[in-house]
Amino acid sequence: MIELIGVSKRFGESTAVDEISLKVESGEFCCLVGTSGCGKSTTLRMINRLIEHSGGEIHIDQQPIRTFREEVLRRRIGYAIQSTGLFPHWTVARNIGLVPRLLKWSQAAIDARVEELMVLLRLDMDEFAGKYPHQLSGGQAQRVGVARALAADPDILLMDEPFGALDPITRENLQLELRDLQARLNKTIVFVTHDMDEALRLADHLVVMHEGRIVQQGHPLELLREPADDFVTSLLGGEDRGLKEASLLLVSERMTPLGVGGVARDRIVQTASLRDALSMMLWRRVERLAVVDDEDIPIGELSFRRLVGARGHE
Ligand SMILES: Nc1ncnc2c1ncn2[C@@H]1O[C@H](COP(=O)(O)OP(=O)(O)OP(=O)(O)O)[C@@H](O)[C@H]1O
């Protein structure tokens with residue numbers, strides 16, 4: 001668990017982060033969002049002590065971070081950034097093995113770990129191990145950056161706009177993979193992004209910052225349904241909030257079980273979002289969809305009325 005208690009950061013006369021308090025539980029995916037310059041990156045970098053906090057306390061598992069030795073922080077906290085920070089004259093394999101090497105692992109252990117991570121991040125060993133960063137696409141370089149951040153098997157991963165420079169399709173693929181990785185590896189992740197859809201897709205805990213302060217935090221659905229003020233409302237998409245909420249709710253939550261009537265012609269899988277269902281209804285000009293399971297077997301139906309009524313908070 002990461003805990004920030006009344007944490008501030010001052011750069012000379014100006015206050016970049018102003019007495020923020022935040023608790024990120026183990027295994028939680030926490031996204032920091034807010035306008036440019038509101039203190040997101042500074043907050044992230046205070047957690048791994050790339051930036052020293054000027055006030056308050058930061059704890060990891062109840063222990064102040066200033067009491068950790070540097071190599072312990074390095075082992076426990078992985079860090080990935082938008083520009084990847086890969087060393088240009090090092091091969092992919094060498095870049096991934098950076099932290100284990102700093103931690104003085106044996107060469108055999110480093111090689112095994114690099115191979116394991118390349119498989120995990122779907123980077124073909126034969127093709128990529130010997131390549132240099134300039135020979136990689138943006139998406140491949142980001143995978144290497146994430147592999148490197150995971151190298152010493154840290155329990156905490158700090159990610160600063162790691163997918164910021166990617167096209168929407170590569171970005172979405174990497175988001176899905178990261179979610180999946182997190183579910184399997186049970187990492188605690190703090191993730192900075194400008195992209196609200198990315199934050200909503202990834203976060204279990206969403207933190208909205210403004211001018212160095214936290215203005216609201218909680219589950220994304222909580223913030224969408226009860227934004228604290230106009231700033232949070234507009235950051236979360238204003239009138240678009242209905243669609244954003246629909247993208248967080250599943251068809252299975254609103255479908256009715258298969259009745260005696262005929263099955264609708266157009267099918268949607270139960271794990272799709274209500275937003276996908278709405279889009280399909282609009283596109284196909286229909287008001288009913290057959291809901292199917294993963295094996296394409298019909299298990300229910302979703303009507304337009306049920307879909308619209310899905311906003312249970314009204
Ligand atoms: N090393 C520094 N020296 C002086 N001021 C700094 C330093 N680093 C950051 N700042 C200032 O602190 C404030 C917060 O910066 P920070 O990078 O944390 O914001 P951010 O929310 O991550 O912004 P962005 O989304 O644009 O990356 C800004 O006003 C910035 O100019």
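Residues numbered from 1 in each chain as written. Predicted model: local features only at pLDDT ≥ 70, side-chain atom pairs only at ≥ 80, totals over all residues. Heavy atoms only, no water.

Here we come to the overall build of the chain. A count of helices and strands for the chain gives 15 helices and 14 strands. Viewed in the frame of its principal axes, the chain has a C-alpha envelope of about 65 × 50 × 30 Å. For the chain, with 314 residues in total, the buried portion stands at 48%. Counting contacts in the chain only where the partners sit at least 6 residues apart, residues at least 24 apart contribute 63% of the total. Carbon and sulfur atoms make up 49% of the accessible area of the chain, which amounts to about 15,600 Å² in all. Taking the average location of the 38 positive side-chain charges in the chain and that of its 47 negative ones, the two points are 2 Å from each other. (Helix = DSSP H or I, 4+ residues; strand = E, 2+ residues; numbered from the N terminus. Buried < 20%, exposed > 50% of the residue type's maximum accessible area, 1.4 Å probe, protein only. Contact = heavy atoms within 4.5 Å. Areas by Shrake-Rupley, 256 points an atom, 1.4 Å probe, with all protein chains shown as cover. Lys, Arg positive; Asp, Glu negative; His and termini not counted. Charge placed at Lys NZ, Arg CZ, Asp CG, Glu CD.)

Evaluation of the coordinates by the stated rule reveals 21 salt bridges. The salt bridge partner of Glu-70 is Arg-74, with a shortest N-O separation of 3.1 Å. Of this pair, Glu-70 and Arg-74 both sit in helix H2 (residues 70–76), four residues apart, which is roughly one turn of that helix. Residues Asp-204 and Arg-179 are paired through a salt bridge, measuring 3.2 Å at the closest nitrogen-oxygen approach. (Salt bridge = Lys/Arg side-chain N within 4 Å of Asp/Glu carboxyl O.)

Summed over all chains, the structure comprises three aromatic pairs. An angle of 50° between the planes, with centres 5.7 Å apart, marks the rings of Phe-29 and Phe-191 as tilted. With Phe-29 in strand S3 (residues 29–34) and Phe-191 in strand S8 (residues 188–192), this residue pair connects regions lying 162 residues apart in the sequence. By relative accessible area, Phe-29 is classed as buried at 0%. Between the aromatic rings of Phe-87 and Trp-90, the centroid separation amounts to 4.6 Å while the plane-to-plane angle is 45°, which identifies the pairing as tilted. Taken together, the ring pairs connect Phe-29, Phe-163 and Phe-191 into an aromatic cluster. Here Arg-101 stacks its cationic end above the ring of Trp-90, 5.4 Å away from the centre of that ring. (Phe/Tyr/Trp six-rings, centres within 6.5 Å; stacked < 30°, edge-to-face > 60°. Lys NZ or Arg CZ within 6 Å of the ring centre and 35° of its normal.)

Along the chain, Leu-123 falls in the loop between helix H5 (107–120) and helix H6 (125–128). By relative accessible area, Leu-123 is classed as buried at 3%. For the pair Leu-123 and Thr-91, spaced 32 residues apart in sequence, the C-alpha separation works out to 13 Å.

Here the UniProt-annotated "domain: ABC transporter" (unreviewed entry) positions come out as residues 2–236. Taken end to end, residues 2–236 is 40% helix and 26% strand, and its two terminal C-alpha atoms sit 25 Å from one another. (UniProt positions renumbered as here; feature names shortened; annotations may be inferred.)

This paragraph deals with the site of the ligand. By nearness alone, every residue bordering the ligand is listed as Phe-11, Ala-16, Thr-35, Ser-36, Gly-37, Cys-38, Gly-39, Lys-40, Ser-41, Thr-42 and His-194. In this structure, Cys-38 approaches the ligand through a main-chain N or O atom, which is 3.1 Å from an oxygen atom. Contacts to the ligand include Ser-41, whose side-chain N or O atom sits 2.8 Å from an oxygen atom. Against a free-state accessible area of 630 Å², the protein chains account for coverage of 55% of the ligand. Top contributing element to the shell around the ligand by residue count: helix H1 (residues 40–47), with three residues. Among the residues making up the shell around the ligand, the classes are represented as three nonpolar, seven polar and one charged. (Near = heavy atom within 4 Å. Polar contact = N/O pair within 3.5 Å; in protein donor to acceptor, adjacent residues only side chain to side chain. Nonpolar A, V, L, I, M, F, W, Y, C, P; charged D, E, K, R; others polar.)

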